[in-house]
Protein chains: 2
Amino acid sequence: MLPVALDAMGGDKAPEEIVAGAHRAVAELGVPVLLVGRTEVLAPLAGDLEIVPASEVIAMDADPASSVRRMKDSSLVRAAEAVRDGRASAMVSAGNTGATMASALLRMGRIKGVSRPAIATPIPVPGSTPTVLLDAGANAECQPDLLLQFAQMGAVFARERYGLEAPRVGLLSIGEEPTKGTPLVKEAHALLAGSDALVAAGGRFIGNVEGRDVMTDEVDVVVTDGFTGNVVLKTLEGGMRALVGAIFEAFGSTPETQAASEVLVPALLPLYEAVDPDNTGGAMLLGVDGLCCISHGSSSATAIVNAVRVAGELHHAGIVDRLRAAVAPS
Amino acid sequence: MLPVALDAMGGDKAPEEIVAGAHRAVAELGVPVLLVGRTEVLAPLAGDLEIVPASEVIAMDADPASSVRRMKDSSLVRAAEAVRDGRASAMVSAGNTGATMASALLRMGRIKGVSRPAIATPIPVPGSTPTVLLDAGANAECQPDLLLQFAQMGAVFARERYGLEAPRVGLLSIGEEPTKGTPLVKEAHALLAGSDALVAAGGRFIGNVEGRDVMTDEVDVVVTDGFTGNVVLKTLEGGMRALVGAIFEAFGSTPETQAASEVLVPALLPLYEAVDPDNTGGAMLLGVDGLCCISHGSSSATAIVNAVRVAGELHHAGIVDRLRAAVAPS
């Protein structure tokens, strides 16, 4: 089995938590992992794991495009090259998101027929499979035909990742009627509604959906431009954090509530695990000619284990070939 | 004191809950209320309240513009006319949002200098004053100068409504740097950063904010186009509902958790009340030449009481004159 190339230098908790996740992934999943990064930093932590040397690190807040062009021996660029060269099945990074995208795009290239890769992010839905949101931030500006391609790629991803027979694809708008929204949304609606290409990709267009549908079982794939998608993702993150924080504060307010909340922990744990971003396996950059998994900047070892697991499963499912078939120019 | 004109026919729970709210508003707040709607429907419910007759009702899902043009004797149009004619201090409706906006715009007109009115929606923030989000859906497409005007109006609203000295105004984007986002956002950033008009309106521009900041105390007014704003609002509604629903399900899962959750109710109640849309007083349409309060379609009697309270307070604060002064053409 081909190993997963893990950017051991990327993320708020790198390298310790990232490498700890690698060790756990090997032990728990049996998926081999290559650690990509500075040898002198990684050697004391690596144990049996193979190190792919990379002398540079692109900072979390560095300018993505120029950093990737300039830092050819960075862990991100070397991880992408490992996939390109067939040494690894996938790359995983919790580092600079923009630089991860740029590395994957420049080194792996695009799948033939793909105009622009998109970030597909699983949004947890209590009691159901996650909703796949794309584009979650790769393309701030989009044309209607781009949204059609996102829909195709999202449908393939939802099928392979969550085993859905015919994923329901919704277009994010501000009303159910096809006449609602911006010109982009109205034109995309017309394209999606009549699209044989989406049906061929396994998707089923259910029309416009609204923000309130994202965290429900009403839709499997939500398609939008990268600006709106990124706002939705971060709005939910912030909203969940605010609400959960306030609930925990109420739980701890008196000794009585503290005791009562301890009784509730086992019942709340599955929900907590369902919405914990460490458990979603991270976002995928769809449309590049190889597997690229983008983990949250705050990824823990558990997040890395899940990202490696998902990357391994998607590689096994041959998702890049399935995406290639879905978007092949006719 | 001038009465508030209440559209007694609008909303999912009209007319019973709406009229019940009117009675409570009069009794609890001492704010007089005019019930606008069908006399034969309202007479049995009205008691001492004055009825402004209106024979037509614009349905919740009717096309706003054409309905308002066609149905001149509708409760929404008559409520807006009561404000225009000086018979009422404000209109309040839980009915068709688009038709509420169209009625207010067509009958009251715009404040001189205002290009387009915007919906300002308070987003609850646990432990702090709400964040004012605008535009929450009136204008799906916006130009940069429109966002500057929203910022001015939002600053005036946050000052008068929440007593903030110099409200912090943030521009919603997908990164803190001024270079992040769509062309609209980048141009708006440049306008806002150098704006004397915003300072004159009492606002303080703090740069770009992200979705994750909306439900925090990091910002007081979040400015965005009506498409993104509406998506944010509904995404938060859906996300909160999903999370709270799943928590309640966990609470009720066994007799033990049920008993424990009852201990927690008093501690959770303030949070529940803080995020309950019935308590925010609804959204305001800012920029029309009169007060127009847009309540949630599912408004209960309590929501109506709060909307009438806020409408009365804003009338007392002279917010329309303050908005007029803030956006006056120089």
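Look up: the structure comes first, before these words.
On a predicted model such as this, the values are computed, not experimentally measured, just so you know.

**Quick look at the relation of the copies chain B and chain A**
Aligned on chain A, chain B shows an RMSD of 0.0 Å; the corresponding rotation is 180° and the shift along the axis is 0.0 Å. In the structure described here, the two chain copies are related by an operation that fits a two-fold rotation axis. Residue Ala-260 of chain B, judged by its C-alpha, is the member of chain B lying nearest the rotation axis, at 2.3 Å. A shared binding surface is used by both copies, with 100% of the interface residues of chain B retained as interface residues in chain A.

**Some remarks on the nonpolar core**
Membership of the largest hydrophobic core comes to 232 residues, with the highest contact counts inside it found for Leu-35 of chain A together with Leu-35 of chain B. Setting aside chain neighbours within four positions, we find Leu-35 of chain A in contact with Leu-6, Ala-8, Val-19, Ala-22, Leu-42, Ala-46, Leu-49, Glu-50, Ile-51 and Val-52 of chain A.

**A short note on the interface of chain B and chain A**
In this assembly, 45 residues from chain B lie in contact with 45 residues from chain A. Roughly 4000 Å² of surface becomes buried between chain B and chain A when both sides are summed, with 80% attributable to carbon and sulfur atoms. Between chain B and chain A we count four salt bridges in total. With a shortest N-O distance of 3.7 Å, Arg-212 of chain B and Glu-237 of chain A are connected by a salt bridge. Linking chain B with chain A are four residue pairs in polar contact (both at pLDDT 80 or more). Listing elements by their share of the side of chain B that touches chain A, those giving two or more residues are helix H7 (183-193), helix H9 (226-251) and helix H10 (255-275) of chain B. The leading source of residues in the side of chain B that touches chain A is H9 of chain B, at 20 residues. In the side of chain B that touches chain A, the residues fall into 26 nonpolar, twelve polar and seven charged.

**Quick word on the sheet that holds strand E1 (residues 4-7) of chain A**
Residue and element names in this part refer to chain A. Here eleven strands make up an open sheet; going across it, the order is E3-E2-E1-E4-E11-E10-E5-E6-E9-E7-E8 and the pairing mixed. Strands with a single pairing partner mark the edges of an open sheet, and in this sheet they are strand E3 (50-53) and strand E8 (204-209). Taken pair by pair, the neighbouring strands of this sheet meet at an average axis angle of 25°, ignoring direction. Here strand E10 (residues 283-286) pairs with strand E11 (residues 291-294) via two bridges, running antiparallel. Opposite Ala-283, over in E11, you have Ile-294 as the bridge partner. Its contacts with the sheet place helix H6 (residues 144-162) against strand E5 (118-123), strand E6 (131-134), strand E7 (168-172), strand E9 (221-223) and E10, and it is angled at close to 160° to E9. Contacting E1, strand E2 (33-37), strand E4 (90-93), E10 and E11, helix H11 (residues 301-316) runs over the sheet at an angle of about 155° to E11.

**Focus on the packing of H6 of chain A against helix H12 (residues 319-327) of chain A**
Residues and elements named next belong to chain A. H12 packs onto H6 with a crossing angle of 145° between their chain directions and a minimal axis gap of 10 Å. With respect to the hand of their crossing, H6 and H12 are arranged in right-handed fashion. On H12, the residues touching Gln-149, Gln-152, Met-153, Val-156, Phe-157 and Glu-160 of H6 are Ile-319, Arg-322, Leu-323, Ala-326 and Val-327.

**Structural notes on the packing of aromatic side chains**
Under the criterion given, the structure shown has four aromatic pairs over all chains. Between the aromatic rings of Phe-157 of chain A and Tyr-162 of chain A, the centroid separation amounts to 6.5 Å while the plane-to-plane angle is 85°, which identifies the pairing as edge-to-face.

**Examining the side chain of Thr-257 of chain B**
Turning to its location among the elements, Thr-257 of chain B is positioned in helix H10. Other than its neighbours up to four places away in sequence, Thr-257 of chain B contacts Val-263, Leu-264 and Ala-267 of chain A together with Ala-250, Phe-251 and Gly-252 of chain B.

**Observations concerning the pattern of salt bridges**
Side chains bearing opposite charge may pair, as long as their charged atoms lie close to each other. What the rule picks out here adds up to 32 salt bridges over all chains. With a shortest N-O distance of 2.2 Å, Glu-210 of chain A and Lys-234 of chain B are connected by a salt bridge. With Glu-210 of chain A in the loop between E8 and E9 and Lys-234 of chain B in helix H9, the pair connects residues from two separate chains. For the pair shown, Glu-210 of chain A and Lys-234 of chain B are each scored as buried. Residue Arg-24 of chain B pairs with Glu-28 of chain B through a salt bridge whose shortest N-O separation is 2.9 Å. Of this pair, Arg-24 of chain B and Glu-28 of chain B both sit in helix H1 (residues 16-29), four residues apart, roughly one helical turn. According to the relative accessible area criterion, Arg-24 of chain B is partly exposed, its value standing at 31%.

**Considering the sheet that holds strand E8 (residues 204-209) of chain B**
All names here are of chain B. Sheet architecture is open: eleven strands sit in the order E3-E2-E1-E4-E11-E10-E5-E6-E9-E7-E8, paired in mixed fashion. Two strands in the sheet have a free side with no partner beyond their single neighbour: strand E3 (50-53) and E8. With direction set aside, neighbouring strand axes in the sheet form an average angle of 25°. Pairing between strand E6 (residues 131-134) and strand E9 (residues 221-223): three bridges, direction parallel. Pairing of Val-132 across the sheet is with Val-221, part of E9.

**Some thoughts on the pairing of E5 of chain A**
Residues and elements named next belong to chain A. The buried count for E5 comes to six of six residues, which makes it a mostly enclosed element. Two elements, E5 and E10, share three bridges in a ladder whose sense is antiparallel. Pairing of Ala-118 across the sheet is with Leu-286, part of E10. Strand direction decides the pairing type here: E5 and E6, joined by three bridges, are antiparallel. By the bridge assignment, Ile-123 is partnered in E6 with Thr-131.

**Here we look at the environment of Ala-140 of chain A**
Structurally, the position occupied by Ala-140 of chain A is in the loop between E6 and H6. Spatially, the C-alpha atoms of Ala-140 of chain A and Gly-226 of chain A are 4.5 Å apart, while their sequence positions differ by 86 residues.

Quick notes on the rules
- Residues numbered from 1 in each chain as written.
- Chains lettered and ligands numbered in written order.
- Predicted model: local features only at pLDDT ≥ 70, side-chain atom pairs only at ≥ 80, totals over all residues.
- Heavy atoms only, no water.
- Least-squares fit on C-alpha atoms with pLDDT ≥ 70 in both.
- Contact = heavy atoms within 4.5 Å.
- Core = buried A, V, L, I, M, F, W, Y, C linked by side-chain atoms within 4.5 Å.
- Buried < 20%, exposed > 50% of the residue type's maximum accessible area, 1.4 Å probe, protein only.
- Buried area = accessible area lost by both parts, 1.4 Å probe.
- Salt bridge = Lys/Arg side-chain N within 4 Å of Asp/Glu carboxyl O.
- Polar contact = N/O pair within 3.5 Å; in protein donor to acceptor, adjacent residues only side chain to side chain.
- Helix = DSSP H or I, 4+ residues; strand = E, 2+ residues; numbered from the N terminus.
- Nonpolar A, V, L, I, M, F, W, Y, C, P; charged D, E, K, R; others polar.
- Pairing = 2+ DSSP bridges.
- Axes fitted to C-alpha atoms, helices over the stretch in contact; angles between N-to-C directions.
- Left-handed = near helix turned anticlockwise from the far one by under 90°.
- Phe/Tyr/Trp six-rings, centres within 6.5 Å; stacked < 30°, edge-to-face > 60°.

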